[in-house]
Amino acid sequence: MRDPLSFEDRIASALGRYADRARTDVDAVAFVQLTRGGAARSWSAWHLPRALRLALALGLLLALALAAAVLVGGRPSPAPTGVTNGWIAVAANPIELATDGSGATAPEARDIYLTREGEPPRRIIGTSDDGLTQGCPRFSPGGDLLAYGEGIATIEFRAPVPGRAVVVLGVRPDGSATAPIQRFELPSEAGALACPTWSPDGGRIAFSTGAELWIGEIDSGRTIRLPTGGEAVWAPDGSSLVALEPGRIRTFDAEGAEGAAVPMEALSLQSPAWIPGTRELIAFDYGSDQERILAIDVDTGATRVLRDDPYHGGPGSVALSPDGTMLAYRRGADGSQVVVTEVDGSDPRVLSGGTSSGLLWSPDGQQVLQRLSAIALTPGASAVAYPSPADVDMDRVPIQHVSWQAVRE
Amino acid sequence: VGHFAAEEPLLYMAEVITRQAPPDVSLVRRAADGDETACAELVAAHYPSMVRAAFVVTGDSDTAREAVQLAWSIAWRRLGGVRDPERVRPWLVAIAANEARHLLKRRHRRTVVELSMGVDDRASVDPADGIALLDLERALRELTPQERGLLAMRYVAGLDSTQIAQASRMSASGVRSRLARLLERLRKELGDA
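Residue numbers here run from 1 along each chain, matching the order of that chain's written sequence. Just so you know, chain letters begin at A and ligand numbers begin at 1, following the order they were written in. Residues qualify for local features only when their pLDDT is at least 70, as the model is predicted, and side-chain atom pairs are given and counted only at 80 or more; totals for whole chains, interfaces and linings, by contrast, use all residues. Calculated side-chain values reflect all of the structure's heavy atoms, with hydrogen atoms and water omitted.

*Asks:* Could you give an account of the overall build of chain A, with specific residues and numbers?
*Replies:* Counting secondary structure elements, chain A contains 2 helices and 30 strands. For each residue, the accessible area found with a 1.4 Å probe, counting protein chains only, is set against the maximum for its type, and the residue is called buried under 20%, exposed over 50%, and partly exposed in between. Residues classed as buried in chain A amount to 48% of the 409 residues present. Put simply, of all contacts in chain A between residues at least 6 apart along the chain, 46% involve residues at least 24 apart. About 17,600 Å² of surface is accessible on chain A, with carbon and sulfur atoms providing 56% of the total. Per the convention used, a helix needs a DSSP run of H or I reaching at least four residues, while a strand needs a run of E reaching at least two, with both numbered from the N terminus. The contact criterion used throughout is that any non-hydrogen atoms of two residues lie within 4.5 Å. For every accessible area listed, the method is Shrake-Rupley and the probe measures 1.4 Å; residues are considered covered only by the protein chains on display.

Printed below as a string of structure tokens:
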């Protein structure tokens, strides 16, 4: 019997021989791309054959899906995104039982729970007596990390929260959390709870401190401060961050360098999302007489009205499907109708099952979530009610405190 | 030549300082500042290590090279934030291994793909280690991409447990215990019990 050390040496030797099979030469074109390109410029030439194959395959899948939908007389749902739905993270405040046994809502000491179909919810971050608000959970694009805002609990969510930070930790497949891997402390003065937004590659998060927008690097902990209080959205390639300020669009590169600001008609925008493959954002405009859903060209500031009948119910009043082909929004005097349309606002369809909350698409693009109840887009499918934590008041959970994990198998 | 006298010692000192700095430190700093020659040197120095590590994760040269391409695109963006340029190699290798893992997940590949080499070659046993690559490949297929990444970082790139821990968001002791378990699994798979 060989001792463990000698076996370790043998494995190292064999793995070295195995790795010798890799082609490690760099051809001339690739070398130029590697040294000069960076992500955006190098991608197209290097990956073109594979990208073409992928595009053809996706096109074929989309065509098949459309054909099937036409055959059965239904309206197409968004194409499958290649991901499945994982855990749903919810930040909610536990209900404290009053002495008479009735539920009394605790101050805004939100904690973060995970839930999914068929499993009981579990609290993974926070305790009832920690005096902290943990909110705005956001799964990373890869689904393996969770970022959230933290601060000392106050009675109202919108009231200033002192002791703020943004924390990042890992989520294991079984729904348990790792120890925090990064913590970004915010300035000592109080402000709104910071809600993080992940970069598309999962390497950075952006969050507003109020007067400033910060970019935090997950691995290094480095932060870059940008002088804008506008709501921000990452470009799909992660190379820049677009901030929507009243009347103008500002663009910053990943290192914080600012490009030329572009004037824009809209004054108050919410829930921006970048339409994949375009230079346009969709956003909810609530600053004019008529509330609207707009498409905004980030290069020119030009706007197109996609819908002029939305209901403004705060964050999540409009949501872009994961594949960027459809919109979901709320309509009606009390916002109780949930409507889906094509991404250009055409062909509206009212989904069965109203809502009184913001909307969030499932990662697979097949459901629209309203708190913990999801409307399936498949014709005839019933709504799915995900298990609510027993000790929380779900009616008081705005949609910005819900995030759905994408699982790429 | 008297008027050069004051400059020459300065030039000499600058050269000495440059030479005394660990090669990666000046390379990383220059590359982060946009020096294309330094970028090229950095790629030339570390590309093979990165591809070898990624290859152990993917089992396929093309996918490994693609992962390394993605890894460089990430590395360029973050190079300016590298706290310890002397440790750029483990950092780059770890990014390559991670990108290889992510690439496999994105492509729905649960296992290592077939190697493109002759059966005889794969079946051959090196007397130095007594392990056939065919058997090793089969054993690697049973591991997760993350586990293969750990093996690659430790035994192909030669990173120690502290360096792996820093790169993979684990504790050093966690890395050591996972590697020990992996070795035990491989020992059983490869019949070295």
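*Asks:* So what's going on with the confidence of the model for chain A? Which residues, and what values?
*Replies:* All names here are of chain A. Confidence of the predictor at the level of single residues is given by pLDDT, which spans 0 to 100. In the predicted model, chain A carries a mean pLDDT of 81, and 79% of its residues have values of at least 70. Low pLDDT (under 50) marks residues 1-5, which in the prediction has 6 contacts with non-local residues, meaning those over four places away or in another chain. Low pLDDT, under 50, characterises residues 67-76; the predicted model gives this stretch 13 contacts beyond four residues in sequence or across chains.

*Asks:* So what's going on with unusual backbone geometry? Residues and values would help.
*Replies:* Phi at A:Cys136 is positive, roughly 50 degrees, even though this residue is not glycine. With respect to the helices and strands, A:Cys136 occurs in strand β6 (residues 132-139).

*Asks:* How would you sum up the nonpolar core? Please name residues and give values.
*Replies:* Side-chain atoms within 4.5 Å link the members of a nonpolar core, which is a set of buried Ala, Val, Leu, Ile, Met, Phe, Trp, Tyr and Cys residues. Within the largest apolar cluster, 66 residues are counted, with the highest numbers of intra-cluster contacts made by A:Ile11, A:Leu15, B:Trp72, B:Leu79, B:Leu136 and B:Leu151. Considering every element that reaches this core, the biggest residue donor is helix α3 (residues 36-58) of chain B, with 12 residues.

*Asks:* Please provide a residue-by-residue account of the confidence of the model for chain B, values included.
*Replies:* Residues and elements named next belong to chain B. Residues of chain B with pLDDT of at least 70 account for 74%, and the chain-wide mean is 73. The spread of mean pLDDT over the elements of chain B runs between helix α1 (residues 7-20), the lowest at 34, and helix α8 (residues 145-156), the highest at 89. When the criterion is pLDDT under 50, residues 1-22 qualifies, and its contacts beyond four places in sequence or with other chains add up to 1 contact. Every residue in residues 109-120 scores below 50 in pLDDT, and together they form 30 contacts with partners more than four places removed in sequence or on other chains. This complex was scored by the predictor with a pTM of 0.56 and an ipTM of 0.78.

*Asks:* Go over the sheet that holds strand β4 (residues 111-116) of chain A with me, naming the residues and quoting the values.
*Replies:* Residue and element names in this part refer to chain A. Strand order in the open sheet formed by 4 strands is β5-β4-β1-β30, with antiparallel pairing between adjacent strands. Each of the sheet's edge strands pairs with one partner strand only, and the pair in question is β5 (119-125) and β30 (402-407). Adjacent strand axes in the sheet meet at a mean angle of 25 degrees when their direction is disregarded. For two strands to be treated as a pair, DSSP must find no fewer than two bridges joining them. As paired strands, strand β1 (residues 84-92) and β4 are joined by 5 bridges and run antiparallel to one another. Note on β4: the bridge partner recorded for Val90 is Tyr113. In this analysis, axes come from line fits to C-alpha atoms, helices being fitted only over the stretch in contact, and the angle between any two N-to-C directions falls in the range 0 to 180 degrees.

*Asks:* Lay out helix α7 (residues 133-141) of chain B in plain terms, naming residues and giving numbers.
*Replies:* The α-helix advances 3.6 residues per turn, and as a result positions three or four apart in sequence lie on the same side. Within α7(B), the full set of buried residues consists of B:Leu133, B:Leu136, B:Glu137, B:Ala139 and B:Leu140. Relative to the axis of α7(B), the buried residues are bounded by an arc of 160 degrees and lie together on one face. This arc corresponds to the set of directions leading from the helix axis out to the C-beta atoms.

*Asks:* Tell me what's going on with the side chain of A:Arg164, and back it up with residues and numbers.
*Replies:* Examined against the element boundaries, A:Arg164 turns out to sit in the loop between β7 (145-152) and β8 (165-171). Any pair of nitrogen or oxygen atoms within 3.5 Å is treated as a polar contact; in protein, a donor-acceptor pairing is required on top of that, and neighbouring residues in sequence qualify only through side-chain atoms on both sides. A polar atom in the side chain of A:Arg164 sits 2.8 Å from the backbone oxygen of A:Ala192.

*Asks:* Could you give an account of the state of the cysteines, with specific residues and numbers?
*Replies:* Such a bond, covalent and formed between the sulfur atoms of two cysteines, is termed a disulfide. Residues and elements named next belong to chain A. Disulfides are defined as cysteine sulfur pairs within 2.5 Å. Following the criterion strictly, the structure yields 1 disulfide over all chains and no others. Between the sulfur of Cys136 and that of Cys195 lies a disulfide, 1.8 Å long from S to S. On the criterion of sequence distance, the pair formed by Cys136 in strand β6 and Cys195 in the loop between β9 (177-185) and β10 (197-198) is long-range, its members being 59 residues apart. With relative accessibility at 0%, the residue Cys136 sits in the buried group.

*Asks:* Got a sec to walk through the sheet that holds strand β15 (residues 240-245) of chain A? Specific residues and values, please.
*Replies:* Residues and elements named next belong to chain A. Spatially, β14-β15-β16-β17 is the arrangement adopted by the 4 strands of the open sheet, whose pairing is antiparallel. Each edge of the open sheet is held by one strand with a lone partner, namely β14 (231-234) and β17 (262-263). Relative to β15, β14 runs antiparallel, the two being bridged by 4 bridges. If you follow Val233 over to β15, its bridge partner there is Val242.

*Asks:* Explain the packing of aromatic side chains residue by residue, including any values.
*Replies:* A pair of Phe, Tyr and Trp rings is counted when the ring centres sit within 6.5 Å of each other, with Trp represented by its six-membered ring. The angle between the planes then sorts it: under 30 degrees is stacked, over 60 is edge-to-face, the rest tilted. Per the stated rule, a full pass over the model turns up 4 aromatic pairs over all chains. Ring centres of A:Tyr18 and B:Phe55 lie 5.2 Å apart, and the angle between their planes is 45 degrees; on these two criteria the pair is classed as tilted. Residue A:Tyr18 is located in helix α1 (residues 4-19), and its partner B:Phe55 is located in helix α3; the two belong to separate chains. Here A:Phe184 and A:Phe207 contribute two aromatic rings whose centre-to-centre distance is 5.8 Å and whose plane-to-plane angle is 45 degrees, an arrangement assigned as tilted. One end of the pair, A:Phe184, is in strand β9; the other, A:Phe207, is in strand β11 (residues 204-208), and 23 residues separate them in sequence.

*Asks:* Explain the pairing of strand β24 (residues 337-342) of chain A to me, using residue names and the numbers behind them.
*Replies:* Residue and element names in this part refer to chain A. Here strand β23 (residues 326-331) pairs with β24 via 6 bridges, running antiparallel. Within β24, the position partnered with Arg331 by the bridge is Gln337. As defined by bridge partners, β24 adjoins strand β25 (residues 349-351) across 3 bridges and the pair is classed as antiparallel. Note that in β25 the partner of Val338 across the bridge is Leu351. Hairpin connection from β24 to β25: 6 residues lie between these consecutive antiparallel strands, with Gly345 at a positive phi of about 90 degrees.

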